[in-house]
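Spelled out from the first residue to the last, the chains are:
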Amino acid sequence: PDALVVHVMRTVPATEWPARVAAMDALLRRLEIARKDELRLDSRVTEGRVLGLYTTRRKGEGARPYRTVLAGIEPISGRCDCPDFTKNSLGICKHLIVLLENVCTKPRLLRQAMKEELAGPSRTHAFVRWDPIRPLSGLGDWLERVTWPHPPEAKGAKAERINQVKSWFRSNGNGALVLKRTYPEDAVKRLALVEDLLKVAPAESAGVDFDPALQSLLMLERERLSDKLEGSLSHPERRSAFKGLKKSLYPYQREGVERFLAEGRLLLADDMGLGKTAQAIACTDILWRTKRIERGLIITPASLKPQWAREWTYFSDLPIHVVDGLAPERRAFYQTHKTGLLIINYEQLIRDLETIRQWKPGLVVLDEAQRIKNWATKTALSVKGLTPQYRLVLTGTPMENRIDELASIVEWVDDMALEPKWRLHSIHTVYGDGRQEVKGVRNLDTLRARLKGCMVRRVRQDVLDQLPPRTDTRIPVELTEPQRDAHDALNQPIIRLMQIAKKRPLTQVEFLRLMSFMATQRIISNGLAQLDFENVWPSLRGRTPDDSVIQGLSTPKLLELRQLVRQIVLNQKRKVVVFSQWRRMLTLAHWAVSDLLAEEGLHAGFFTGAEKQTRRTQNIVEFHDDPRFRILFTSDAGGVGLNLQHASNCVINLELPWNPAVLEQRIGRVYRLGQKQPIDVYNLVCEEGIEARISTLVGSKQAFFKGLFDGDSDSVQFEQSSSFMSKLEKLYEVPSTPVGDRELETAEAEFADSEIDDSVDDPFEELIDAGDESADQPPMVAEAIAPETTAVMPEEPEPVAALVVEPAAPVQTDVRRLFSQLQIRRETTGKVIIEAPPEAASTLAALFEGMAALLQSAAAPPPTNESRPDA
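Notes on the structure in this doc start here.

Cut-offs and rules
Residues numbered from 1 in each chain as written. Predicted model: local features only at pLDDT ≥ 70, side-chain atom pairs only at ≥ 80, totals over all residues. Heavy atoms only, no water. Helix = DSSP H or I, 4+ residues; strand = E, 2+ residues; numbered from the N terminus. Buried < 20%, exposed > 50% of the residue type's maximum accessible area, 1.4 Å probe, protein only. Contact = heavy atoms within 4.5 Å. Areas by Shrake-Rupley, 256 points an atom, 1.4 Å probe, with all protein chains shown as cover. Phe/Tyr/Trp six-rings, centres within 6.5 Å; stacked < 30°, edge-to-face > 60°. Patch = residues over 30% accessible without salt bridge, like charges linked within 9 Å, V, L, I, M, F, W, Y side chains within 5 Å. Salt bridge = Lys/Arg side-chain N within 4 Å of Asp/Glu carboxyl O. Lys, Arg positive; Asp, Glu negative; His and termini not counted. Charge placed at Lys NZ, Arg CZ, Asp CG, Glu CD. Axes fitted to C-alpha atoms, helices over the stretch in contact; angles between N-to-C directions. Parallel < 35°, antiparallel > 145°, perpendicular 65-115°, else oblique. Nonpolar A, V, L, I, M, F, W, Y, C, P; charged D, E, K, R; others polar. Pairing = 2+ DSSP bridges. Right-handed = clockwise from strand over helix to strand, strands pointing away. Core = buried A, V, L, I, M, F, W, Y, C linked by side-chain atoms within 4.5 Å. Arc of directions from axis to C-beta. Expected span 1.5 Å × (residues − 1).

Moving on, we get to the overall build of the protein chain. When helices and strands are tallied, the protein chain shows 36 helices and 26 strands. When each of the 871 residues of the protein chain is scored for burial, the buried share is 56%. Residue pairs at least 24 apart in sequence account for 74% of intrachain contacts in the protein chain once pairs closer than 6 positions are excluded. For the protein chain, the accessible area works out to roughly 38,100 Å², and carbon and sulfur atoms hold 51% of it.

What follows is the structure in C-alpha cells.
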C-alpha cells in the first residue's frame with residue numbers, strides 16, 4: 001500500500017488533489033481486477049534475477065501472454081504491452097500489480113530486487129524509451145514522450161542507420177535526446193518517423209531497459225497510418241468524385257467530407273440542422289465510386305430508417321437496401337448480398353453482430369451516436385465490436401450531461417484522444433467541496449486540442465446567413481388549486497429524503513422514491529388529467545373538448561394549446577409540431593384540439609413509440625404532403641433525426657425537458673438547413689411549481705456544452721453550485737435546523753428496504769437523465785400506452801368523471817405482495833402481457849426501474865480490452 005501511495009504522489013502533481021484521489025481509486029480497481037481474473041506469472045526473469053522481463057496471463061487462458069518489465073521497486077518502475085498500460089497514464093497496470101505483489105510479499109525477493117536496483121542494470125541498452133504519463137494539459141501526443149537517453153556510438157552501416165534515426169531528435173540539454181516534432185497532421189512524415197523508431201525499439205529483450213509498451217504502440221501506429229494512407233484519395237480523385245455527386249454541397253459541408261476522406265475516421269458533430277446526413281451520404285457515395293469500399297453499413301435508430309432511405313435517394317443515385325425481417329431472413333439477406341450498401345437499426349446490430357462481423361463492412365456510419373454514450377451498454381459494446389477501416393460518427397449532441405459520455409463516443413473514432421478516462425472529471429471539473437460540489441469546468445483548451453484531430457463541429461452561427469430567424473416565446477401557465485394541492489403534497493416527503501441525504505448517501509430505493517416524487521410533480525404540472533389518465537380518459541373519448549369541459553380537468557395547458565392552435569393552425573394556416581415527453585399528454589392534447597381541426601376538415605397524427613413503424617412513416621409523409629394534415633404530435637422519439645424543415649416552421653413544447661440538449665434537438669427538427677421561413681417556438685411553463693424552478697438549474701449543463709464545443713475560453717464558471725443538495729435546496733424550502741437522530745431514524749424507517757443498499761452519488765443527475773430518456777414511462781406513474789386517437793370522436797358522449805386526486809405518499813414496498821398481484825399471460829402472437837392492479841402500478845413502476853438498472857449493471861459483459869477499467 002505504501003508503495004502505491006508514493007507512486008501516485010510521484011505521478012500526479014500535489015496541486016491536483018482530486019486527480020490524486022481518482023488515481024488511487026483507479027489503482028485499487030486494477031488490484032481488484034487482477035485478483036478477480038486470477039492473473040498468473042507465465043514466465044520469469046532468467047539468470048536468477050528479480051528485475052526484468054516477465055509474461056503474465058489469466059489462469060487457463062491460451063492467448064498470447066502480455067510482456068511486463070519490472071524495472072524498480074522504490075520508486076515503482078515498470079512497463080507492459082497491454083492496452084491498459086499504454087492508455088491509463090498511471091505507470092501501472094494489473095499485470096505490474098501482480099509482479100509487485102509477488103515481490104513485495106516475499107522478503108527474500110524484495111531484498112534481491114532492492115539489491116539489483118541499487119547495482120543498476122546488468123548491461124546498458126541504447127533503446128528509445130517512452131514515458132507513460134500523459135501531461136495534464138496540451139495535446140498530449142504519445143509520441144511527444146519518446147526519448148533516447150543513451151544514443152550509442154556506431155560505425156559503418158550501423159552508424160548510418162543510427163544517424164538517420166538521430167536526425168528526428170534534438171538534445172534536451174541533459175545528455176538525452178527528445179523528438180523535434182511528431183507530425184500529428186502529416187501521415188507520411190509521421191509514418192517515416194515511426195518506421196525509424198522501430199529500428200531502435202527492439203521487439204524483445206530481457207533487460208530492464210526494454211520497453212514493450214513503446215514497441216506495441218509503434219507497431220499499432222504503423223498499421224493505423226499505413227491503412228490511412230492506403231485508403232486516402234488523391235486530389236484528382238477527390239475533385240472528380242465531388243463532380244459526380246447528385247447534389248452539390250455547401251462549402252462547409254464539402255470541408256467536412258474532405259476531412260473524413262483524409263482521416264478515414266471522424267466524429268462529425270455539426271450543430272443540428274446543418275446537414276450531417278447529406279455529408280454522410282456524400283462520403284459513402286465517394287468511397288463506393290472510387291472503389292475504396294465494397295460493403296457499407298449505416299446504423300440508425302429504427303424510426304429513422306425510412307427517412308435515411310428517402311434522404312439517400314435525394315442525394316445519391318447508388319442503390320441502397322433497408323434491412324428488415326426476422327433473424328433468419330436477415331441472415332439470408334447478408335449471405336446473398338456479398339457487397340452493397342445497407343441501412344440497419346441498433347437493435348438489429350445487437351442481434352446480428354456475428355453475422356455483420358462476418359459480412360465485414362469497410363465503412364460504418366453511426367447515426368445519432370449518443371446511443372453509445374454509455375460504454376457498458378450492449379449497444380455501445382456491439383458498435384465497438386465492429387472494426388471497419390472507415391468510421392463516420394454523427395451526432396449533434398456529442399455530450400448531453402457528462403464528459404465520459406463524450407469519451408465513450410470518441411473512443412470508437414480515436415481510442416487515444418481522451419485517455420485516461422479516470423482523469424477526465426478530476427482534471428476538468430472545478431469542485432467547491434472536495435468531490436461533490438461542482439462549481440464549474442476548466443481546461444477546456446486541452447479538451448479542444450485533443451478532440452481536434454478526430455472531431456469536426458460547426459455551429460449554427462457559422463452559417464447563420466443561410467438560416468432564418470428564430471423566436472422563442474415562453475407562455476406562463478397558472479396551476480389550478482387542485483394541481484397546486486397535489487403538487488405541494490409531495491414537498492414534505494421530498495424534504496424528508498433531503499434530510500436523510502444530508503446525513504448520508506441515499507440508498508437506491510430512497511433515490512428511486514425521490515425520483516418518483518419529483519417526476520410526479522412534473523406530471524402534475526402538465527395536468528391532473530395526465531396524472532389520473534386511466535380514470536379520466538374513458539370519459540373523455542366521447543366528449544366534445546370545449547373550454548368548459550377542459551376547465552374541469554385541472555389541466556390548463558390544454559386551454560393554452562387550444563388558443564395557439566386557433567391562432568397558428570386555423571388563422572395563419574401553418575403546420576405545427578407539438579412535443580411532449582409523455583404519450584398520454586399528447587393523447588390529451590390531440591383530444592383537446594380535435595373539434596377545432598374537425599370544423600375545418602383538418603386532422604393530425606402521432607410520431608411516438610406507441611405507433612407501428614408503418615404508421616409513423618405514413619404520418620411523416622402526410623405531414624409533408626397533405627395540406628389537411630396540420631399537427632404532428634411527437635414524443636422525444638421524434639426529437640432526433642427527423643427533418644421537418646420543409647413541412648413546418650413552428651414548435652410547441654407542452655413542457656420543457658430538463659436537459660437543454662434535448663430541447664434543442666426538438667427545435668432542430670424544423671430549425672435547420674433548408675428552412676425558408678422564420679420559425680416560432682412556444683414553451684408552455686407552469687410558473688409556480690417545479691417546472692419553472694428547475695429551469696434555472698440546467699444552465700450549468702448548457703454552459704459546459706457551449707463552452708467546450710462552441711466557445712474559446714479555457715474555463716466556465718457556473719452561476720450556481722451543482723451538487724445534489726445545493727440543487728434541491730434551491731427547489732424546496734428545506735428547514736435550516738438540522739434533523740435530529742430520532743427524526744432521522746423515523747424518516748429512514750419510512751423509506752427502509754433491507755434488500756438494496758447501494759448509494760447514489762448524485763441523484764439529481766440521474767433524475768435528469770431518466771426524465772429525458774424514459775419518454776413514455778415516467779418513474780412513478782406506470783402508464784399504459786393509449787391507442788392512437790383520431791380527430792373523429794365517438795357519436796354518443798359520456799359524462800366527464802369528477803377528478804379527485806389524493807396527495808401521493810410514500811409506499812411501503814412489500815415485494816412478495818406486489819408480485820403476487822401480477823398476472824402474466826402469453827398471447828397466440830407470442831406477445832407477453834403483464835397486468836397489475838392500479839394500486840400496485842405506481843410502486844411497481846419505480847421498483848422495476850430500479851431493478852432494471854441493477855440488473856443491467858450486473859449483467860454487463862466483461863471489458864473487451866485492457867483499457868476498460870476506466871471507461
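Our focus in this paragraph is the packing of aromatic side chains. Counted under the stated rule, the structure contains 10 aromatic pairs. Relative to Y390, the ring of F260 lies with its centre 6.3 Å away and its plane at 55°, an arrangement referred to as tilted. With F260 in helix α10 (residues 251-263) and Y390 in strand β14 (residues 390-394), the pair connects residues that are 130 residues apart, well separated along the chain. Note on F533 and W537: the rings are 5.6 Å apart at their centroids and 10° apart in plane angle, and the pair reads as stacked. In this pair, F533 and W537 are both assigned in helix α24 (residues 533-540), four residues apart and thus about one turn of the helix distant. Taken as a pair, F533 and W537 share a single burial class, namely buried.

This paragraph deals with the environment of A610. Along the chain, A610 falls in the loop between β20 (603-607) and α28 (613-625). A relative accessible area of 35% places A610 in the partly exposed class. For A610 and S635, which are 25 residues apart along the polypeptide, the C-alpha to C-alpha distance reads 9.8 Å.

Moving on, we come to a positive patch on the surface. There is a patch of like positive charges on the surface, built from R44, K106, R108 and R111. For R44, the location among the structural elements is in the loop between β1 (39-43) and β2 (52-58).

The next point concerns the packing of helix α4 (residues 94-104) against helix α5 (residues 107-119). Contact pair α4 / α5: the axes reach a minimum separation of 6 Å and the direction vectors enclose 105°. Relative to α5, the element α4 lies roughly perpendicular. Contacts between α4 and α5 involve N102, V103 and C104 from the former and L109, L110 and A113 from the latter. Residues of the contact of α4 with α5, tallied by class, amount to five nonpolar, one polar and no charged.

Here we take up the pairing of strand β21 (residues 629-634). Burial analysis of β21 places six of its six residues in the buried class, which makes it a mostly covered element. When strand β19 (residues 576-579) meets β21, the two strands line up parallel, connected through four bridges. By the bridge assignment, V577 is partnered in β21 with L632. Of the strand pairs in this sheet, β20 and β21 are connected by five bridges, and their pairing is parallel. Paired with H603 across the two strands is F629, which belongs to β21. Note that the unit made of β20, α28 and β21 has a crossover that is right-handed.

With 63 residues, the main nonpolar core has L70, V128, V146, F169, L197 and L218 as its most contacted residues. The element best represented in this core is helix α2 (residues 17-36), accounting for seven residues. Sequence-distant contacts of V146, defined by excluding residues within four places in its chain, comprise V128, R129, W130, F169, V178, L179, L197 and L214. One finds L514, F517, W591 and L602 within the second-largest nonpolar core, a separate group that totals 61 residues.

A few words on the side chain of T446. Note on placement: T446 falls in helix α19 (residues 444-451). The exposure class of T446 is buried, given its relative accessible area of 6%. Among all residues touching T446, those that are not within four sequence positions of it are L136, S137, G138, H428 and D714.

All right, on to α19 then. The set of residues buried in α19 consists of L444, T446, L447, R450 and L451. Down the axis, α19 shows its buried residues gathered within 155° of arc, on one side only.

With that out of the way, let us pick up the sheet that holds strand β11 (residues 321-322). Strand order across the open sheet formed by seven strands is β11-β12-β10-β13-β14-β9-β17, with parallel pairing between neighbours. The sheet is open, and its two borders are formed by β11 and β17 (455-456), each paired with just one other strand. One ladder, built from six bridges, connects strand β10 (residues 295-300) with strand β12 (residues 340-345); its direction is parallel. Looking across to β12, one finds that R295 is bridged to G340. Helix-sheet contacts for helix α12 (residues 305-315) involve β10, β11, β12, β13 (363-366) and β14, and the interaxial angle to β12 is about 150°.

Two side chains of opposite charge can pair, provided their charged atoms sit close to one another. Applying the stated criterion across every chain yields a total of 50 salt bridges. Across the salt bridge formed by K421 and E419, the nearest N and O atoms sit 2.5 Å from each other. As far as the burial class goes, K421 and E419 line up, both buried. Through salt bridges with shared partners, one network takes in D141, R190, E221 and R224.

Looking now at unusual backbone geometry. Here E74 and P75 are connected by a cis peptide whose omega angle stands at 0°. Relative to the assigned elements, P75 resides in the loop between β3 (66-72) and β4 (77-80). Cis geometry is adopted by the peptide bond preceding P420, which originates at E419 and carries an omega value of -5°. Tracing the backbone through its elements, the reader meets P420 in the loop between α17 (403-411) and α18 (424-428). You will see that S89, though not glycine, has its phi angle at about 55°, which is positive. Structurally, the position occupied by S89 is in the loop between α3 (83-88) and α4. We note that E368 has phi near 50°; this positive angle belongs to a residue other than glycine. Tracing the backbone through its elements, the reader meets E368 in the loop between β13 and α16 (378-383).

The next thing to look at is the side chain of Q645. Structurally, the position occupied by Q645 is in the loop between β21 and β22 (650-653). Sequence-distant contacts of Q645, defined by excluding residues within four places in its chain, comprise R669, V670, R672, L673, G674 and Q675.

With 13 residues, α28 extends 18 Å between its outermost C-alpha atoms, agreeing within 8% with the 18 Å of an ideal straight helix rising 1.5 Å per residue. Among all positions of α28, only R616, N619, I620 and F623 are buried. Projected down its long axis, α28 carries its buried residues within an arc of 100°, all on one side. Seen from the buried face of α28, the exposed residues on the opposite side, beyond 90 degrees, are T614 and D625. On its buried face, α28 is in contact with α12, β19, β20 and β21.

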